[in-house]
Structures are given as C-alpha cells and as structure tokens.
Amino acid sequence: MAANLWQGLRRLCISEASGSSGSVQRLLRANLHTTSALAKNWNGHNTGPQRWLQYNKVIYQPQTPTEEPRPAYVCHQKTNIKYSPKKMWYVAAFVRGMSVDEALKQLSFVDKKGASYVKEAILEAIEMAVKRHNVEFRTNLWVAESFCGKGRVFKGIRRHARGRSGEVEYKHCHYFVRLEEGSPPEHYYQPAPQTGEQQLEEWLGAMRRRKVTSSL
C-alpha cells in the first residue's frame with residue numbers, strides 16, 4: 001500500500017513539474033515526514049472523547065443522616081497526547097491507588113515522557129476538585145482510576161534505499177484520571193495468586209474436612 005502511494009506521488013510530481021516549476025514536488029517532499037501541514041486537516045471534526053467528563057455533571061439524591069457519606073470525586077482527561085498508548089499504560093498503572101501527594105512525588109522521579117503529562121493532569125484535577133466540586137482539603141484525595149486509550153494515528157511515508165518506501169505511524173493517546181475524596185485503600189490490587197504448593201495444601205485440607213454421607 002505504501003509503495004503504491006509513493007509511486008502515485010512520484011507520477012503526480014513528474015506530471016505537474018513542467019507547469020508549476022517543481023512547486024508540487026517541493027510541497028510533497030516537505031510534508032512526507034511531518035504531520036503539521038497535512039494531518040490537521042484530515043479529521044478536524046474529531047474533538048476527542050467527551051463521555052468521561054460527563055461524570056462530573058451527575059446529580060445524586062440527598063442522603064439521609066444514617067447513610068455513609070458519599071465521597072466526592074472529579075474526572076479529568078488529557079486528549080491527543082503525542083505519546084504511544086502502550087508506553088503511557090505503564091505510567092497510568094503506576095500511580096493507580098496512590099494518594100495525590102504520593103503520586104506527584106513518585107512521578108517527579110519517573111524518567112519517562114508520559115510522567116509529565118500524568119502529573120499535569122493530576123494537578124489540574126486537584127484544582128478542579130477544590131474550586132468546582134467543594135473538596136475541602138486538596139491533599140485528601142487519591143487516584144481511584146487512571147488509564148489511557150488510543151488516540152489519533154497519522155500515517156506517513158518513510159524513504160528507504162533503492163527507491164523503496166515504507167509506512168510510518170504517528171501515534172497519540174488519551175489519558176483519563178478520576179480522583180476520589182478520602183484515604184486510599186490499604187490493598188488496591190488483588191493479592192497475588194496462590195502457588196502450586198498452596199493450592200495443593202488447600203485442596204488437601206478440604207478433602208480432610210469433608211464428610212461422607214451415611215457413614216460412621
């Protein structure tokens with residue numbers, strides 16, 4: 001597919017070079033390895049995900065004095081980050097279940113490009129929680145949800161030797177975070193699965209505790 005596209009572009013340049021003095025050829029050469037000029041006009045109507053921010057507009061029923069207080073939360077997102085979603089997943093899963101102070105402290109020492117975007121999103125979510133959602137203490141928050149999704153993918157042409165060409169992808173991602181009021185749980189993730197020896201001991205104990213019906 002990339003080879004056919006490259007041959008078509010070459011034929012277009014050759015056919016138009018006589019009338020435009022090579023202007024089309026220079027334009028195509030300038031835009032082959034960048035997304036600044038062409039990619040912005042390909043899908044201008046796509047503004048990114050909108051459903052995640054709708055959770056901030058949910059109105060709940062008033063609670064009775066005997067019910068446990070419902071913790072406040074705030075949802076925030078950063079869209080079309082110039083970063084691979086597979087790389088962003090490691091940073092998003094790293095801060096999941098931490099308090100905001102601990103997450104910001106840990107992200108300051110993570111030597112990854114995505115860590116700066118995640119830290120910026122958490123700081124913006126804290127400001128939203130204090131100013132718009134009546135959270136009293138900005139440090140009394142923890143990262144309840146933190147995940148990423150696939151964003152726009154722009155495809156370009158990469159030159160190879162002997163007149164060949166290849167395809168290059170410029171990937172983007174979306175980052176989503178939800179901060180909840182209160183202290184983080186002691187064990188956010190499930191415990192590690194049992195080993196083979198532990199499963200065998202549990203099975204033997206169940207066999208010893210069983211009772212055979214209609215027996216002595």
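Computed from a prediction, not measured in an experiment: that's the story for all the values here. (Residues numbered from 1 in each chain as written. Predicted model: local features only at pLDDT ≥ 70, side-chain atom pairs only at ≥ 80, totals over all residues. Heavy atoms only, no water.)

S.K.: For this particular structure, what's the right way to read the overall build of the chain?
M.R.: Check the secondary structure of the chain and you find six helices and three strands. Mapped from its N terminus to its C terminus, the chain presents α and β elements in the order α-α-β-α-α-α-β-β-α. Per-residue burial for the chain yields a buried fraction of 32% across its 216 residues. Looking at the chain alone, contacts between residues at least 24 apart form 71% of all its contacts between residues at least 6 apart. For the chain, the exposed surface amounts to about 15500 Å²; the carbon and sulfur share of it is 53%. (Helix = DSSP H or I, 4+ residues; strand = E, 2+ residues; numbered from the N terminus. Buried < 20%, exposed > 50% of the residue type's maximum accessible area, 1.4 Å probe, protein only. Contact = heavy atoms within 4.5 Å. Areas by Shrake-Rupley, 256 points an atom, 1.4 Å probe, with all protein chains shown as cover.)

S.K.: Just checking my understanding: could you explain the packing of aromatic side chains for this structure?
M.R.: Two aromatic rings are characterised by how far apart their centres lie and by the angle between their planes. Counted under the stated rule, the structure contains seven aromatic pairs. Both rings, one in Trp89 and one in Tyr90, keep their centres 5.2 Å apart while their planes meet at 80°; by these two values the pair is edge-to-face. Between Trp142 and Tyr188 the ring centres are 6.1 Å apart and the planes differ by 75°, which places this aromatic pair in the edge-to-face class. Residue Trp142 is found in strand β2 (residues 141–159), and its partner Tyr188 is found in the loop between β3 (165–181) and α6 (196–209); the two are separated by 46 residues along the sequence. Ring-pair connections join several aromatic residues into one group, and the members of that group are Trp52, Tyr55, Phe147 and Phe176. Over the aromatic face of Tyr73 sits the side chain of Arg178, whose NZ or CZ is 5.8 Å from the ring centroid. (Phe/Tyr/Trp six-rings, centres within 6.5 Å; stacked < 30°, edge-to-face > 60°. Lys NZ or Arg CZ within 6 Å of the ring centre and 35° of its normal.)

S.K.: For this particular structure, what's the right way to read the side chain of Ser146?
M.R.: With respect to the helices, strands and loops of the structure, Ser146 is situated in strand β2. A distance of 2.9 Å separates a polar side-chain atom of Ser146 from the backbone oxygen of Ala92. Polar side-chain contacts of Ser146 include one of 2.7 Å to the side chain of Tyr175. Ignoring sequence-local partners within four residues, the contact set of Ser146 consists of Ala92, Val95, Arg96, Tyr175, Phe176 and Val177. (Polar contact = N/O pair within 3.5 Å; in protein donor to acceptor, adjacent residues only side chain to side chain.)

S.K.: Is there a simple way to explain the confidence of the model for the chain in this structure?
M.R.: On average, residues of the chain score 85 in pLDDT, and 78% of them reach the 70 mark or higher. Helix α4 (residues 100–107) holds the highest mean pLDDT among the elements of the chain, 97, whereas helix α2 (residues 23–31) holds the lowest, 49. Contacts of residues 30–39 to residues separated by more than four positions or lying in other chains number 17 contacts, the stretch itself having pLDDT below 50. (pLDDT = per-residue confidence, 0-100.)

S.K.: Is there a simple way to explain the packing of α4 against helix α5 (residues 113–132) in this structure?
M.R.: Geometrically, a packed helix pair is captured by the angle between its two axes and the distance between the axes. Interhelical geometry of α4 versus α5 gives an angle of 155° and a closest axis separation of 10 Å. The orientation of α4 with respect to α5, classified from their angle, is roughly antiparallel. Taken as a pair, α4 and α5 cross one another with a handedness that is left-handed. Counted together, Val100, Ala103, Leu104 and Leu107 of α4 and Ala115, Val118, Lys119, Ile122, Leu123 and Ile126 of α5 form the full contact between these two elements. For the contact of α4 with α5, the class distribution of residues is nine nonpolar, no polar and one charged. (Axes fitted to C-alpha atoms, helices over the stretch in contact; angles between N-to-C directions. Parallel < 35°, antiparallel > 145°, perpendicular 65-115°, else oblique. Left-handed = near helix turned anticlockwise from the far one by under 90°. Nonpolar A, V, L, I, M, F, W, Y, C, P; charged D, E, K, R; others polar.)

S.K.: Help me out: how do you make sense of the side chain of His76 in this one?
M.R.: With respect to the helices and strands, His76 occurs in strand β1 (residues 73–81). Using a relative accessible area of 11% as the deciding quantity, one classes His76 as buried. At 2.6 Å, the side chain of His76 forms a polar contact with the side chain of Glu124.

S.K.: Teacher, can you tell me more about unusual backbone geometry here?
M.R.: Both trends apply: most residues other than glycine have a negative phi, and most peptide bonds are in trans. Positive phi outside glycine occurs at Asn134, with the angle close to 60°. With respect to the helices and strands, Asn134 occurs in the loop between α5 and β2. With relative accessibility at 71%, the residue Asn134 sits in the exposed group. In this model, Arg162 sits at a positive phi of 60°, which is unusual for a non-glycine residue. Looking at the secondary structure, you find Arg162 in the loop between β2 and β3. Judged by its relative accessible area of 77%, Arg162 is exposed.

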